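# Survey of secondary and tertiary structure
Chain residues, written in single-letter form:
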Amino acid sequence: MVQSISEPGPAGLERSCGPSHGDWLRAGPGSDGIERIEAFFSGHAYDPHRHDTYALGLTLSGVQSFDYRGCRQDSRAGNAIVLHPDEIHNGRAGVESGFRYRMLYLEPRLLREALGEEARALPFISAAVSSDPRLVRAIARGLQAIEAPLAVDEAEDIVLGLAEALLALDPSAARPVGSRHAQAASERVRRFLDAHLERVVTSGELEAVAGLDRFALARHFRASFGTSPYNYLVMRRLDRARAMLRSGLEIADVAAGCGFADQSHLTRQFRRAFGVTPGRWRNLHRHPK
């Protein structure tokens, strides 16, 4: 639902009292410590203000201009934005056509928890506007399907991706971490996930299997298998879903049999992984060219 910018926005957002016609802002479902918004402004957007969170965003169209740390910043379509907690900034359109963007507000405690012993301090990114591919991908991951609910395990995966991308841009904040028993722990988790594809698997269960906290486990699992436990589980469920779709089962039954919350959840994940909906994928396999 589109929200008028004259109405109260998400907590911590300061608003201009003079909106232009056609400006809008909507809040998407978030998670504990995470807020997500999408907005469009054709002129003045925000007066000077500050957040106690990280503000991580993507400019979708136009030019998003703001003043930050004493300099004017201009973010164009495809650029990432990183604003640190307690840093004053404002917002306005840099072109007459306005700008559209999405932003994720992340509480620093989540970033600190995700980094764990991998970092001595929270990373600091001096460039407010960036085109770094890894950072852009990590922020986009947190802002895609903004209208859909954000599951706990998905939110944790998003936070870890953001933490790793930010730390990569500030190596001075990192410190070496030992990985003793990491490969064996990751293998135990992989086998556990394979054995429980049809049900919800909690972070607590994986921590117990691995003997590691969830973020340390995610880092070591990625090093061993090239992806996070969350993504691994989703892809194995999708492998099973494709097999069930080939057998002719209804999509809703496939979703229930593969551990997805409902048919729409399966459809979102399937399309994200393969670029088509389950129904279209099944039809293409029924009628090959």
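The structure under discussion appears in the preceding block.
Below is a summary of the structure that appears in this document. (Residues numbered from 1 in each chain as written. Predicted model: local features only at pLDDT ≥ 70, side-chain atom pairs only at ≥ 80, totals over all residues. Heavy atoms only, no water.)

Take the packing of helix H3 (residues 152–169) against helix H6 (residues 214–225) next. Closest axis-to-axis distance for the H3/H6 pair is 11 Å, and the angle between their directions is 70°. In terms of axis orientation, H3 runs roughly perpendicular to H6. As H3 runs across H6, the sense of the crossing is right-handed. Only Arg214, Phe215, Ala218, Arg219 and Arg222 of H6 make contact with H3, whose side of the interface consists of Glu156, Asp157, Leu160 and Glu164. (Axes fitted to C-alpha atoms, helices over the stretch in contact; angles between N-to-C directions. Helix = DSSP H or I, 4+ residues; strand = E, 2+ residues; numbered from the N terminus. Parallel < 35°, antiparallel > 145°, perpendicular 65-115°, else oblique. Left-handed = near helix turned anticlockwise from the far one by under 90°. Contact = heavy atoms within 4.5 Å.)

Glancing now at the packing of helix H1 (residues 108–115) against H6. Taken N-terminus to C-terminus, the directions of H1 and H6 make an angle of 55°; their axes are 7 Å apart at the nearest point. Compared by their axis directions, H1 and H6 come out oblique. Across the interface between the two elements, Glu113, Ala114 and Leu115 from H1 touch Arg214, Phe215 and Arg219 from H6. The residue inventory of the contact of H1 with H6, partitioned by class, reads 3 nonpolar, no polar and 3 charged. (Nonpolar A, V, L, I, M, F, W, Y, C, P; charged D, E, K, R; others polar.)

Quick look at helix H7 (residues 229–246) now. An α-helical turn contains 3.6 residues, so a residue and the one three or four places further along point in the same direction. Spanning 18 residues, H7 covers 26 Å between terminal C-alpha atoms, matching the ideal 26 Å at 1.5 Å per step. Taken together, the buried positions of H7 are occupied by Pro229, Tyr230, Tyr232, Leu233, Val234, Arg237, Leu238, Ala241, Met244 and Leu245. At the C-terminal side of H7, Gly248 shows a positive phi close to 100°. (Expected span 1.5 Å × (residues − 1). Buried < 20%, exposed > 50% of the residue type's maximum accessible area, 1.4 Å probe, protein only.)

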